[in-house]
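# Structure assessment
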Amino acid sequence: MVAVTLYLAVAVVTLLVIYIKYFGRKRKEGEPPIVPGHFLFGNGKAFSQNAVEFIHKSTARFGKVFTIRLLNQHVTIINDPHSYEQVCKERNFDFDAIQKQVNNNVFSFKLHDSKKMIKEASKKVKGQYLYANMQSFAHHLQEAFDASTESTPAENGWCKDRLRAMSSKTMFRAIFRTIFGKEKPDDVFEPMTVYKNFDLFHKYFNFLWLGLPIKLFPKACRALEMLVQMPTSNDIINRDDVSDYIRYSTQFMKAHGQTEADIIGHNLVFLHVNYNTFRVSYWLIYYLTQHPEAIEALVAEIDDTVRVKSETCDDESDIELSIQDLDRLPVLNSILNETIRYTSGVLMVRAITEDTAFTMEDGSVHNLRAGDRVAMYPPAIHNDPEVFENPEEFKYDRFIDAKFYKDEKEIRNPLLAFGSLCPGKRLAMTQAKWFIFNLAHQFDFQTEEGQTCCPDVKYYGHEILPPTNDVDVLYRRRENRRRIEFVHDRFVTFHCVLVEVNPYRNLQSYVL
Ligand code: HEM
């Protein structure tokens, strides 16, 4: 009896020590207030149920800076859009540890010399490489549109499908082939098989990211078994049409002695970041079909653009469109920004490497602890009624010539869905614009009346949230639409005249 009591006492003391070490926290001088929570789970439940509401309530009670606990991890939330630049500039806030956590816990690999690799590989989606990526994407997207209409049963010209299936057959397929090049006929690693399994695997992303073993989720295991059936890295990089990002990153990893399994893991991470653009395409279609005034304004803008363009080229050739042309369309740009505002779920999180006295934009100083995390939560800003009037409404023209304010001061970066580090922002935005421009130009589309869905807040933490449920979509080709060809901004060809747009000399033309 004495022995049992002794064992119990030792067990209780041990548990207490573990609890105090990993979960307990006494607020020190100058540190942010701590939001009270469950003794074991901390604020995990409130956060996962409705993170935006939880952050808004905590801000009202504790101010713009407060510390929450997600299981054993303390996270200081900075809920102030004006302090975004201060967060980005702080040297002791490090993204490397976060990126490693995804690589290790979700995709089971470690990237050697990761900072250098990502820095160099990221150049392959920007500048001149952006055009190469877009050229390839535009080509694959047109092919995917054609294949999708041919393979989907139609009635009176209307093809009927589920919206996820339709956007995966078009957008996902085009993104996949832009990244990895076109698959061979017998490849298991082909867009639709990968889409099906990736979609399933993604449902478990948050659990895996937090460190739960994949063996707990048999469906995720089976999906992963399919996803890893890639051609060898040599086979992929020897494809003529593989992206420069994948060619560079694969060669870098091989040169650093990484295994085929590591390269497969990395390829899946890259697909994972690109998957967000596919999700955006789903939401673009969905919100346009739910808002007739939006689709009407967009189609009018597109028709106008195409009419003006067609006046400067002959009747037979395709209409040429550049990135700058897309950037100039206010309705298109506003719809995309509003869609991203509405559906982003990301936590912009960093590891705190050293004890830090962090100064906010308003001059207030907060002591943050090494080993904790610090985060901004863009959806809390995107849904702040002071910044975005009636944030629960989708307003297609919200971003046209608009400025946004908090505490009566203009916000420099009101849309934070890409964090500060995403190198793919410009590519993702341009792909999404190209997608919706071409869809609305070539097709009429509508979702089945009465069917609705919304961003699934259970998946907060995902950059772009998935829908709560799927809906049916109907689409048919518009008649007499001319094809749109993607062109480099610098060279726009008219008739037989090649015009070089030179930023220093205005326009100079050469007769061919
Ligand atoms: C709608 C589409 C996308 C969204 C919303 C998105 C969002 C994000 C966010 C929030 C981060 C974390 C950044 C931070 O915390 O500061 C990130 C990182 C990253 N994104 Fe994107 N992203 C998108 C598309 C892309 C694309 C198309 C690429 C392809 C190049 C890409 C490549 C990356 C990479 C490589 C990182 C890690 C950067 C690092 O480790 O320094 N993303 N993205």
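All figures in this text were calculated on a predicted structure; none of them were measured in a lab.

### As for the site of the ligand
In the vicinity of the ligand, 23 residues are found, and the nearest of them are N276, G419, L421, C422 and G424. At the level of secondary structure, the elements contributing two or more residues to the shell around the ligand comprise helix 14 (260–290) and helix 19 (425–442). By residue class, the composition of the shell around the ligand is 15 nonpolar, 7 polar and 1 charged.

### Some words on helix 17 (residues 330–343)
Taking 1.5 Å as the rise per residue, helix 17 with 14 residues should run 20 Å; its terminal C-alpha atoms sit 20 Å apart, in good agreement. Among the 14 residues in helix 17, 11 count as buried, and that is most of the element. Among all positions in helix 17, only V331, L332, S334, I335, L336, E338, T339, I340, R341, Y342 and T343 are buried. Residues of helix 17 that are buried in the fold lie against helix 14, helix 15 (292–310), helix 16 (323–327), helix 18 (378–382) and helix 19.

### What to know about the UniProt feature "binding site: heme" (unreviewed entry) in the protein chain
Here, UniProt's "binding site: heme" (unreviewed entry) annotation points to C422. Here C422 is to be found in the loop between strand 12 (409–410) and helix 19. You can call C422 partly exposed: it has 17 C-beta atoms within 10 Å.

### Some points on the pairing of strand 1 (residues 65–70)
Burial within strand 1 is extensive, with 5 of its 6 residues counted as buried. For strand 1 and strand 2 (residues 73–78), the ladder comprises 6 bridges, and the chain directions are antiparallel. Paired with R69 across the two strands is H74, which belongs to strand 2. Hairpin connection of strand 1 to strand 2: 2 residues between the antiparallel strands, including L71 at a positive phi of 55 degrees.

The rules behind each value
- Residues numbered from 1 in each chain as written.
- Predicted model: local features only at pLDDT ≥ 70, side-chain atom pairs only at ≥ 80, totals over all residues.
- Near = placed C-beta within 6 Å.
- Helix = DSSP H or I, 4+ residues; strand = E, 2+ residues; numbered from the N terminus.
- Nonpolar A, V, L, I, M, F, W, Y, C, P; charged D, E, K, R; others polar.
- Expected span 1.5 Å × (residues − 1).
- Buried ≥ 20, exposed ≤ 12 C-beta atoms within 10 Å, placed from the backbone.
- Contact = placed C-beta atoms within 7 Å.
- UniProt positions renumbered as here; feature names shortened; annotations may be inferred.
- Pairing = 2+ DSSP bridges.

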